[in-house]
Amino acid sequence: MKYALIGCGRVSPHHLKAAKANGLEIVAFCDCSSENIDDMLRRASLTEEFGTLPRYADWNTLLHTEKPDMVSIALPSGLHAAAALDCIASGVHTLIEKPIAMSVQDAEKIIAAAENHNVTVGVCHQNRFNIAVQEMRKAIDAGWLGQLSHGAVTVRWSRGKGYYDQADWRGKWASDGGTLMNQCIHGIDLLRWMLGGELVEVFGFTERRQHPYIEAEDVGVAVLKFANGAVATLEGTVNCTDIDLEEHLSVFGETGMIKLGGTSANTVEVWQMPHAESDLSGLIEKTDNVYGNGHTSLFKDFAAAVREGREPYVTAKAGRDALETVLAVYKSAAEGKPVRLPLTECSSADFTGRFDV
Ligand SMILES: NC(=O)c1ccc[n+]([C@@H]2O[C@H](COP(=O)([O-])OP(=O)(O)OC[C@H]3O[C@@H](n4cnc5c(N)ncnc54)[C@H](O)[C@@H]3O)[C@@H](O)[C@H]2O)c1
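Residues numbered from 1 in each chain as written. Predicted model: local features only at pLDDT ≥ 70, side-chain atom pairs only at ≥ 80, totals over all residues.

1. Topic: the site of the ligand
Taken together, 23 residues form the shell around the ligand, and within it Gly 9, Arg 10, Val 11, Asn 36 and Glu 97 come nearest. Residues of the shell around the ligand, tallied by class, amount to 11 nonpolar, 8 polar and 4 charged. (Near = placed C-beta within 6 Å. Nonpolar A, V, L, I, M, F, W, Y, C, P; charged D, E, K, R; others polar.)

2. A closer look at the nonpolar core
In this structure, Ala 4, Ile 6, Ile 110, Met 136, Ile 188, Leu 191 and Val 326 are the most contacted members of the largest nonpolar core, which totals 106 residues. Take this core: its biggest share by element is 10 residues, from helix H11 (residues 316–335). Lining this core are residues from two domains, each supplying at least three of them: domain 1 (2–126 + 295–314) and domain 2 (128–287 + 320–351). (Core = buried A, V, L, I, M, F, W, Y, C linked by C-beta atoms within 7 Å. Buried ≥ 20, exposed ≤ 12 C-beta atoms within 10 Å, placed from the backbone. Helix = DSSP H or I, 4+ residues; strand = E, 2+ residues; numbered from the N terminus. Domains from an automatic or database assignment.)

3. A word on unusual backbone geometry
For the bond from Lys 98 to Pro 99, the omega torsion is -10°, close enough to zero to count as cis. Mapped onto the elements of the fold, Pro 99 is located in the loop between strand E5 (93–96) and helix H6 (104–117). Look at the link from Leu 341 to Pro 342: it is a cis peptide, with omega at 5°. Tracing the backbone through its elements, the reader meets Pro 342 in the segment after strand E14 (339–340). Even without being glycine, Lys 67 reaches a positive phi, approximately 45°. Structurally, Lys 67 is set in the loop between helix H4 (59–66) and strand E4 (70–73). Its identity as a non-glycine residue notwithstanding, Asp 242 has a phi of 70°, on the positive side.

4. Quick look at the pairing of strand E7 (residues 148–156)
Bridge count between E7 and strand E11 (residues 246–253): 8 bridges; the pairing is antiparallel. Bridging from a neighbouring strand, Ala 152 pairs with Ser 250 of E11. Bridge count between E7 and strand E10 (residues 231–237): 7 bridges; the pairing is parallel. Looking at E10, one finds that Val 155 is bridged to Gly 236. (Pairing = 2+ DSSP bridges.)

5. As for the pairing of E11
Taking burial as the measure, the 8 residues of E11 include 6 buried ones, the bulk of the element. If you look at the hairpin formed by E11 and strand E12 (residues 256–261), you'll find 2 residues sitting between the two strands.

6. Focus on the sheet that holds E10
Strand order across the open sheet formed by 8 strands is E13-E12-E11-E7-E10-E9-E8-E14, with mixed pairing between neighbours. In this open sheet, the two strands that pair with only one neighbour each are strand E13 (267–272) and E14. Taken together, the 2 bridges between strand E8 (residues 199–207) and E14 define a ladder with antiparallel strand orientation. Across the sheet, residue Val 202 finds its bridge partner in E14, namely Val 339. Here helix H9 (residues 185–195) sits on the sheet and contacts E7, E8, strand E9 (219–226), E10 and E11; the angle it forms with E7, its principal contact strand, is near 175°. Here H11 sits on the sheet in contact with E8, E9 and E14, set at roughly 60° to E8. (Contact = placed C-beta atoms within 7 Å. Axes fitted to C-alpha atoms, helices over the stretch in contact; angles between N-to-C directions.)

7. Some remarks on the sheet that holds strand E2 (residues 25–30)
Read across the open sheet, the 6 strands follow the order E3-E2-E1-E4-E5-E6; overall the sheet is parallel. This sheet does not close on itself; its edge strands, each paired only once, are strand E3 (55–56) and strand E6 (121–123). Judged from the 4 bridges that link them, strand E1 (residues 2–6) and E4 form a sheet pairing that is parallel. What sits directly across from Tyr 3, in E4, is Met 70. Along the sheet, helix H5 (residues 80–89) makes contact with E1, E4, E5 and E6, crossing E5 at roughly 165°. Its contacts with the sheet place H11 against E5 and E6, and it is angled at close to 40° to E6.

8. Remarks on the packing of H5 against H6
Helix-helix packing is described using two parameters, namely the angle between the two axes and the distance between the axes. Contact geometry for H5 and H6: axes closest at 9 Å, N-to-C directions at 10°. Here H5 lies roughly parallel to H6, going by the angle between them. Where H5 abuts H6, its residues Ala 81, Ala 84, Leu 85, Ile 88 and Ala 89 lie against Asp 106, Lys 109, Ile 110, Ala 113, Ala 114 and His 117. Each residue belonging to the contact of H5 with H6 can be placed in one class, and the counts come to 8 nonpolar, 1 polar and 2 charged. (Parallel < 35°, antiparallel > 145°, perpendicular 65-115°, else oblique.)

9. Regarding the domain arrangement of the protein chain
Examined at the domain level, the protein chain breaks down into domain 1 (2–126 + 295–314) and domain 2 (128–287 + 320–351). One C-alpha centre belongs to domain 1, the other to domain 2; they are set 25 Å apart. Between domain 1 and domain 2, the contact holds 20 residues from the first and 23 residues from the second. Counting only elements with at least two residues in the side of domain 1 that touches domain 2, the list comes to H6 and helix H10 (294–308). The biggest single contributor to the side of domain 1 that touches domain 2 is H6, with 5 residues. Among the residues making up the side of domain 1 that touches domain 2, the classes are represented as 11 nonpolar, 7 polar and 2 charged.

So this is what it looks like as structure tokens:
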């Protein structure tokens, strides 16, 4: 399968290595900065192997010239929808970094376009492939927790001025959003996926407390109510001093509870279910960074989904739902009242200027 990578910045070495590990035929790169492509290759230690591949500054030229079967998009978040719609319109199977888009409307357009052009579209919520997360999912599916009562996610990470200075799109409402949209959306995806998917109501607070040089929030908290009656809390921030402290996810049911921890829900801290086949307490999946190891499994599943003509494990709908959850918190926080879901129209850009008063 001919594969091209669109967007060769900070996260891109994970895409390149995942594509190589899964035997994709890597044919070209797209980035408006050739220097960034060099940098990516260096960081992935793949300069020798792929340094001479064609490079494009514009994704449409790449699509028309190289005719890849599959692309992954790792552009700034505000460009995901435009690039994805172009790729899909060219009949290319498209894996999009999170968030899928910056508005519910664009996410819906992507879902509709994928169906119209009969291409596979997935989203990089790679933490779904964490071993601990997979075990939690299996426990819920096996019924070991019984009826779910409630859950919680906390993402307590650290990002300083140096991080936001790396690129102009970071921390801006239209191109990135705040910490809930960028850092916390993986945990939010997991919480929604584990507790039942369909949300009916969200109430949240967001604030910009310690990063006056960004537009959007650096801390957010919310309560969520699901259609099945379960409730949940979320707390996300980049205001920890110096270190990524933790990403924890808990789920409580009538016959047990599970708490995942570590820096990105990659360990099992509590595994208490009398019906469980084995005790996984203390399970640790080692990771080099908070992105985890999931990109390789995600690419493997996506490529298999294309070959088999089935839905990928992380669908565009899943990406839309994670995005919708974040936007619901933004909307609730801006309006000072609970928000009913589903949202049909809401964009991160709607909140431009929110903390400038
Ligand atoms: N899944 C994860 O765990 C994870 C981790 C980090 C980032 N991300 C997501 O990946 C995306 C990229 O993040 P990043 O940290 O790598 O950003 P980055 O700024 O480091 O990289 C973006 C790249 O896109 C290029 N670019 C910008 N505009 C372009 C254009 N018009 N045409 C072609 N190239 C263009 C830039 O030159 C840069 O190399 C974001 O959406 C982010 O949310 C996901």
